[in-house]
Amino acid sequence: MGEFVLRRLLAAIPVLLIVTLIAASIMQLVPGDPAAVIAGQGATDAEVAQVRTQLGLDRPFLVRLGEWYLGLVRGDLGYSLTLNRTVGQAILERVPVTLALSGIALLLTVVIGVPAGVLAALRPNSWVDQLVLTLALVGVSVPNFWLSLMLIVLFGVIVEWLPTGGYVPFTENPVEWARSLVLPSISLALLQIGLLARITRATMLEVLRNDYVRTARAKGLPRLMVVGKHALKNVMIPVVTVIGISFGLLLSGSVVIETVYSIPGMGRLLATAIFSRDYPVIQGGLLVTAATLVLLNLVVDLLYAALDPRVTYDRR
Amino acid sequence: MNRGIGRIATTAAAALALFALAAAPAAAQKRGGTIVFAQEAPPPTLDPYFSTSVSTRNVAMNIFETLLTRDENNDLIKELAEDYTVSPDGLTYTFTLRRGVKFHNGKEMTSADVKASFERYRRMALPKVTLAPVDAFETPDANTFVIRLKQKVPVFLEEISAFVSPIAILPAEQGDREGGKIDIIGTGPFQFVEWIADSHLKLKKFDGYKPDGRYKGTDGFAGRKEVLVDMVDIRLVKEPGTRVAGLESGQLHIVEDIPTESAKRLATRKDIVLYDLKNWWLHGAWVNHARAPTDNPKVRRAMQIALDMEAIMDISSDGAYALQAGLQYPGNPYYVTDGKELYNVNDPKKAQALLKEAGYKGEEFVIITNSSYQSMYKAAQVVAEQMKAVGFKVRIDVFDWATAMARRRNKDGWNLWFTGQGTGPSVGPFTALKDVVSPQLNQFVADPVLDKLFDEMIAGETVDARKASFGKFQARVYDQVHFLKFGDFQRKQATRANVKGYTPYRIPRFWNVSLED
Amino acid sequence: MTAADAAQPVRPAGRSLWGRLLRHRLFVTGAVLFGLMLLMAVFADVLQVAAPERMHYRFRFKGPSWQFPLGTDNFGRDLWSRLVHGARLSLGIGFAVVVVTGIAGTAIGLLAGYFRRLDEPLMRVMDALMAFPAILLAIAIAAALGPSAINAVIALAVVYTPRTARIVRSTVLVVREMEYVQAALAFGARHRWIILRHVLPNSLAPLIVQLTFIFAYAVLAESILSFLGVGPPPPTPTWGNMIAEGKDYLREAPLLALFPGLAVMITALGLNVLGDGLRDVLDPRLRVQHD
């Protein structure tokens, strides 16, 4: 097991390097000039050129890339072109926000998705089942940024229960912090809840049909105990996998949600950096995000192995 | 015994009442609280020398101050300069500095700080060319600052008081800092607290600030600045809908920019006050003189007279606009109307005929606009439709701002590049359209007549002389179509009704503003 | 649960495939919903009441009427006409993404699954691509290439190909070990023949199901790209563009953003339901797979 972990971690390194290479290359291809953005609308070409030189952007791409890799070895992610701080600082400021948002969304997903799926599976083809399935399907199909806009109007203005944007740090005001995350996490979680409910239901159905379970039932064991002990444990396997995938999707989906709700998280940091061509932030941010996803996959795989002894770990 | 107590009680009550009355005005003065302001764009930097962005200036001009600046009518006004004299030969400017001005770090401002600031500006500021005619800076004593020029520049004071990229006075230690790397320490009424990128900035009242006794109240960027709140929380809210919603729910106190449609709806609410910021920017587009078909003057004329400026402005601003031909705003000292016979001609038939006459063979007409400024995005679409109607073959390229800016330098890439000229015209005629004058040449082909008129304008000895030259300059721009003006864009701002003392201006001014309960 | 369980090829005996599909409630519902949108796209020119770019300057922000069935937008353009033409572009992009992803994903998945030596390098690159949050990668590529329909297709294809390749690969890995494939190899059959005759047909079922879902993702993703400003440029109407333009007028004219959003939702819903039905019919055991 330990060897497996080590091997996986080592395998992740070339992946991460490729990630940074792709990130850097794409940005190189992206036309557009961070110097122009920084210098402002009214700047002349000469002024923009000046900014470019001051920021060191007129040096060749390979030089800048090499410098960045060297910095990486030292643990230095570089200095943002537009944010007036190091990339590391910018990321550290954002990570807790996105984690909070994704965490709450994940919580909602599991707390709503799993019971819904189980319930639907326990009463197949009933109205409960149909309802869950339909809602799940709708959740997966709705464009969540559009839904966010509708939600903002509904809950932020017409009913005025919740803030319509912005983020209040937990340390500043826990209640406001929670309130500012309600709409965004719901918008974010909707798709995942639908997915998880469906998968849970499907797995549950499969497991319930399983001979093993039927035998236990036939033996007269109470339904609840059967469900509780045997079925749920087996259901958790794909559920755990989906949760892992969900978390990745959540981080990805947070880009749009954070933009619509003006929440200063990693997603928005990266999106804004792409639009303002802040290369150091893009490269550093994508590296951190990718590393997180890789680690996450590893954890999910380990959990998977712990839950299902049938899974073997031969060479990929 | 009872009566004794009764008398004491009554006296005490009366004393309390008197005390309460006396204390009341004092209590009313001491307001405090935090103003929450919503700004659309994040500032690329807080170093005022290193950007011409509005978003930088919004914040920086509450933190920093300058020697000279502009008042409510765009005239010169003294800020950190107590007074100044100009030598008869126009080569020496002597400034006497105000005394007892403190920086946010407690240090007192002296001429050494002013000199270091000007030298840094000359070294690395974006418009450092402003200080190119300077021969030397001198500091004969701690309260006097002298600028010696190499040649006479009649508009020198107008230039160093310009706020496109203001010459903020920094502590001398910042003098060798690179662009964007200064410590945010100024002399202004507000002090920098923190900046969480892409979320908000916080400023707090600078207790060591001494309001300028020469003035009575707010006046442009200067005046008597008293801080009536404890903090300012500048939130960065990109989505206009979210800004409006925040204002309606009371989370935001002042919002920089409200969509016009929302403004109509908000006007009925008693808890919200709306403001018109007229003359926000000139809406228009640069015209490429090097690329077909706009390299042909007749084609340019056809395009110019084909457009219905009212439709363009109405749609792109949702009704918050003014149609006028000037490249300055009405009321500015240099406002002229030369060239207006070519503005908003709106004659598609004549345009069509002219286009044929010009020999237009269907060359593709490329418009570059951007998705970052909705008004430019919308205006481009209307312009494209109107041009197609008279026979042009039009293609619109929409880019994000960074790409659009990069593409502007591509001579073969566009015929019209959509823009909003805001600060330039508001500062004066020399900055209004300097981008079509050599060496910048947004239109890519130098116009010697225009260049000569510009030089003539700068060298004019009196305001009237300069104004006359500017009139000819403007007429030439209309004649040759270096810049296509659509109209004046107005901005709607709004505050909660409990925000008192706020007057909209080119930046949000947080001084003399208070929050009532 | 390993890949082995997942990809047993199923040949339904008795009833024809079509018969079973049409009897499946989900499939029919999904097909109807999606079909409606498809009809809109195909017959856009006939269904429109005005040219979608035409600005009726004096009829801006009008509500639904005989002249303008869904009303007009801030430019005075007819919403209904823009909606039907938007269908054309949004569905067109979705379809293009499916085709490109299908071809690229299958090719890569086949190569990786069949030829052991290609597996590692190919899958490393796929892993690297999948390590990017999907939308960010799409934004970056679309921003790099410039805003246009074709570039949106490329961006989305790059994002979805790795996922497709993975699925094809896992199927191929299993099929490759099957007896008849091993036998064919022993008899000296050429790789190309084996792939085309055995491997590919047996990998199709999960692929088709996956592609249906990718169509849905692509339509949703295109709307996000357009919303963020890196999709096809104006004045071409796409549903994402329309939502983006309508978001500034949410309170004053909610219809502007409401209808295109609904259209995206109905399309994605139809496709998802269709995909579910397809999956149930083609291989019930797939129901246990991840989406």
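**Student:** Would you mind showing me how to read the overall build of chain B here?
**Tutor:** Scanning chain B from terminus to terminus reveals 15 helices and 21 strands. Taking 517 residues into account, the globule formula puts the C-alpha radius of gyration at 24 Å, and chain B, at 26 Å, falls close to it. Overall, the C-alpha framework of chain B stretches about 110 × 60 × 40 Å when taken along its three principal axes.

**Student:** Help me understand the nonpolar core, please; the structure alone is not making it clear to me.
**Tutor:** Grouped burial of nonpolar side chains is what soluble globular proteins tend to show. Formed by 335 residues in total, the largest nonpolar core has its most connected members in Val19(A), Leu270(A), Ile312(B), Ala138(C), Ile139(C), Leu156(C) and Ala218(C). For this core, the element with the most residues is helix α10 (residues 191–228) of chain C, which contributes 18 residues. Both domains that furnish three or more residues to this core are identified here as domain 1 (34–236 + 497–515) and domain 2 (280–490) of chain B.

**Student:** Just to check I follow, could you spell out helix α11 (residues 266–276) of chain A for this structure?
**Tutor:** In an α-helix, one full turn covers 3.6 residues, which means residues spaced three or four apart are oriented alike. Residue and element names in this part refer to chain A. In terms of burial, α11 is largely enclosed, as 11 of its 11 residues are buried. Along α11, the positions that sit buried rather than exposed are Met266, Gly267, Arg268, Leu269, Leu270, Ala271, Thr272, Ala273, Ile274, Phe275 and Ser276. Where α11 ends, the next residue or the one after it, Arg277, has phi of about 60 degrees, a positive value.

**Student:** How should the environment of Val110(A) be read in this particular structure?
**Tutor:** Following the sequence through the fold, Val110(A) ends up in helix α5 (residues 87–122). C-alpha separation for the pair Val110(A) and Val255(A), spaced 145 residues apart in sequence, amounts to 21 Å.

**Student:** Can you walk me through unusual backbone geometry in this structure?
**Tutor:** Only a minority of non-glycine residues have a phi that is not negative, and only a minority of peptide bonds are not trans. Residues and elements named next belong to chain B. That bond from Ala292 to Pro293 is cis: its omega, -5 degrees, falls within 30 degrees of zero. Along the chain, Pro293 turns up in the loop between β14 (272–287) and α7 (297–306). Backbone geometry places Asn344, a non-glycine residue, at a positive phi of 55 degrees. With respect to the element layout, Asn344 can be found in the loop between β15 (321–322) and α9 (348–357). You can call Asn344 buried: it has 21 C-beta atoms within 10 Å. With a phi close to 75 degrees, Phe444 is a non-glycine residue in the positive phi region. Structurally, the position occupied by Phe444 is in the loop between α13 (429–432) and α14 (448–459). Since 17 C-beta atoms lie within 10 Å of it, Phe444 is described here as partly exposed.

**Student:** Honestly, the sheet that holds strand β5 (residues 92–97) of chain B in this entry has me stumped. Any pointers?
**Tutor:** Residues and elements named next belong to chain B. The 4 strands lie next to each other as β4-β5-β7-β6, forming an open sheet whose pairing is antiparallel. The strands lining the two open edges of the sheet, one partner per strand, are β4 (81–86) and β6 (134–141). Neighbour-to-neighbour, the strand axes of the sheet open up by a mean angle of 20 degrees, direction not taken into account. Across 5 bridges, β5 lies against strand β7 (residues 144–149) in antiparallel orientation.

What counts and what doesn't
- The residue numbers shown here count from 1 along each chain, following its written sequence.
- Whichever chain is written first becomes A and whichever ligand is written first becomes 1, with later ones labelled in order.
- Local features in this predicted model are restricted to residues whose pLDDT is 70 or higher, and side-chain atom pairs enter the listing and the counts only when it is 80 or higher, whereas totals over whole chains, interfaces and linings include all residues.
- Secondary structure is summarised from DSSP: a helix means a run of H or I of at least four residues, a strand means a run of E of at least two, and numbering begins at the N terminus for each.
- In this setup the radius of gyration rests on C-alpha atoms only. A globule is expected at 2.2 Å times the number of residues raised to 0.38.
- Buried Ala, Val, Leu, Ile, Met, Phe, Trp, Tyr and Cys residues whose C-beta atoms connect them within 7 Å together make up a nonpolar core.
- Labels follow a simple rule on C-beta atoms placed from the backbone: if 20 or more others lie within 10 Å of a residue's own, it is buried; if 12 or fewer, it is exposed; otherwise it is partly exposed.
- Segment limits for the domains were obtained from an automatic or database-derived domain assignment.
- When DSSP locates at least two bridges between a pair of strands, those strands are taken to pair.
- Only C-alpha atoms enter the line fits that serve as axes; for helices the fit covers just the stretch in contact. Angles between N-to-C directions range over 0 to 180 degrees.

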